[in-house]
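Chains, contacts and geometry: an overview
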Amino acid sequence: MGSADKSSNAARKARIEEMRRAEQSRERRNRVLIVTASVVAVAALVAGTVVLVRSQSDDDGTAAADAKATGKFVTGADGVKTWQGKLGRTHVTKKVKYPTEPPVGGDHDRAWMNCNGDVYTKALNDMNAVHSLEHGAVWVTYTDKVPKAEVDALAAKVRKTPYTLMSPVQGQADPIMLSAWGHQRTVTGASDPKLAAFFEKFVQGEQTPEPGAACTGGLSQ
């Protein structure tokens, strides 16, 4: 009897020990699986982040150095210059070099300048103004060669016209210039009938890449 009990106890201890070893083995396997899964998850997260950053960088065009604008101006019989060629429309963060001054389109900043008849007395960032052109605005620009009385008269016209904006641009070729997406002309002053005609045709005109897009809620000086 005693011998049987000893044998039974020994067998039970052996089973318990075997179960303990099996449990320890399972725990080790589980730890390995957890660690492996964690490493894989972290690696995937890192890879995903890199891809996302690169994707956003590509979308933002941070490597862009120019406006992605290829082509040239062709002047029509009415004196309006029309850009014949490609005008990029990518939102970028790196400073863009435009082929014309003022620019009439191309890659630009995410933010637009308010253009609801807004008159600015300081030079604008071209990249923001170009975004306004994309929304169908006409940009009136002038140099310091324009008399103050004429600047005031131009400003009065702009303030009465939604989807327009005005600012000084000292580097332009002519004293007063009008720019829309892909189009540009010079005028002699606020009373020049060509100004009204340009407004009529190009304020939210057929050239607008994003018709109806807002001219408020953007940047303002």
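Because the structure is predicted, anything quoted here is derived from the model rather than measured.

What follows is about the overall build of the protein chain. Helix and strand counts for the protein chain come out as four helices and seven strands. In sequence order, the secondary structure elements of the protein chain are arranged as α-β-β-β-α-β-α-β-β-β-α. A total of 221 residues make up the protein chain; the buried ones form 38% of that total. At a minimum sequence separation of 6, the contacts of the protein chain that also span at least 24 residues come to 68%. Summing over all exposed atoms, the protein chain offers an accessible surface of approximately 12700 Å²; the carbon and sulfur share of this is 57%.

Taking 1.5 Å of rise per residue, 12 residues should cover 16 Å, and helix α3 (residues 148–159) covers 16 Å from first to last C-alpha, within 8% of that figure. What α3 keeps buried is the set Val 151, Leu 154, Ala 155 and Val 158. The buried residues of α3 occupy one face: seen down the axis, they fall within an arc of 105°. Turning to α3, the residues buried within the fold contact β3 (116–119), β4 (138–142), β5 (164–168), β6 (176–180) and α4 (193–202).

Within a beta sheet, neighbouring strands are joined by backbone hydrogen bonds and run either parallel or antiparallel to one another. Taken in spatial order, the seven strands line up as β1-β2-β7-β6-β4-β5-β3 in an open sheet, and their pairing is mixed. Looking at strand neighbours, the two that pair on one side only are β1 (69–75) and β3, the edges of this open sheet. Taking each pair of neighbouring strands and ignoring which way they run, the sheet shows an average axis angle of 20°. Packing against the sheet, α4 makes contact with β4, β5, β6 and β7 (183–186), and its axis sits at approximately 10° to β6.

Mapped onto the secondary structure, Arg 185 falls in strand β7. One buried charged side chain, Arg 185, makes no salt bridge at all; its nearest oppositely charged neighbour is Asp 78, positioned 5.2 Å away. Side-chain polar atoms of Arg 185 contact the backbone oxygen of Asp 78, separated by 2.7 Å. Leaving out residues up to four positions away in the same chain, Arg 185 has contacts with Asp 78, Gly 79, Val 80, Ile 176, Met 177, Leu 178, Lys 194 and Phe 198.

How each quantity is defined
Residues numbered from 1 in each chain as written. Predicted model: local features only at pLDDT ≥ 70, side-chain atom pairs only at ≥ 80, totals over all residues. Heavy atoms only, no water. Helix = DSSP H or I, 4+ residues; strand = E, 2+ residues; numbered from the N terminus. Buried < 20%, exposed > 50% of the residue type's maximum accessible area, 1.4 Å probe, protein only. Contact = heavy atoms within 4.5 Å. Areas by Shrake-Rupley, 256 points an atom, 1.4 Å probe, with all protein chains shown as cover. Expected span 1.5 Å × (residues − 1). Arc of directions from axis to C-beta. Pairing = 2+ DSSP bridges. Axes fitted to C-alpha atoms, helices over the stretch in contact; angles between N-to-C directions. Lys, Arg positive; Asp, Glu negative; His and termini not counted. Salt bridge = Lys/Arg side-chain N within 4 Å of Asp/Glu carboxyl O. Polar contact = N/O pair within 3.5 Å; in protein donor to acceptor, adjacent residues only side chain to side chain.

None of the figures reported here should be taken as evidence of function without further support.
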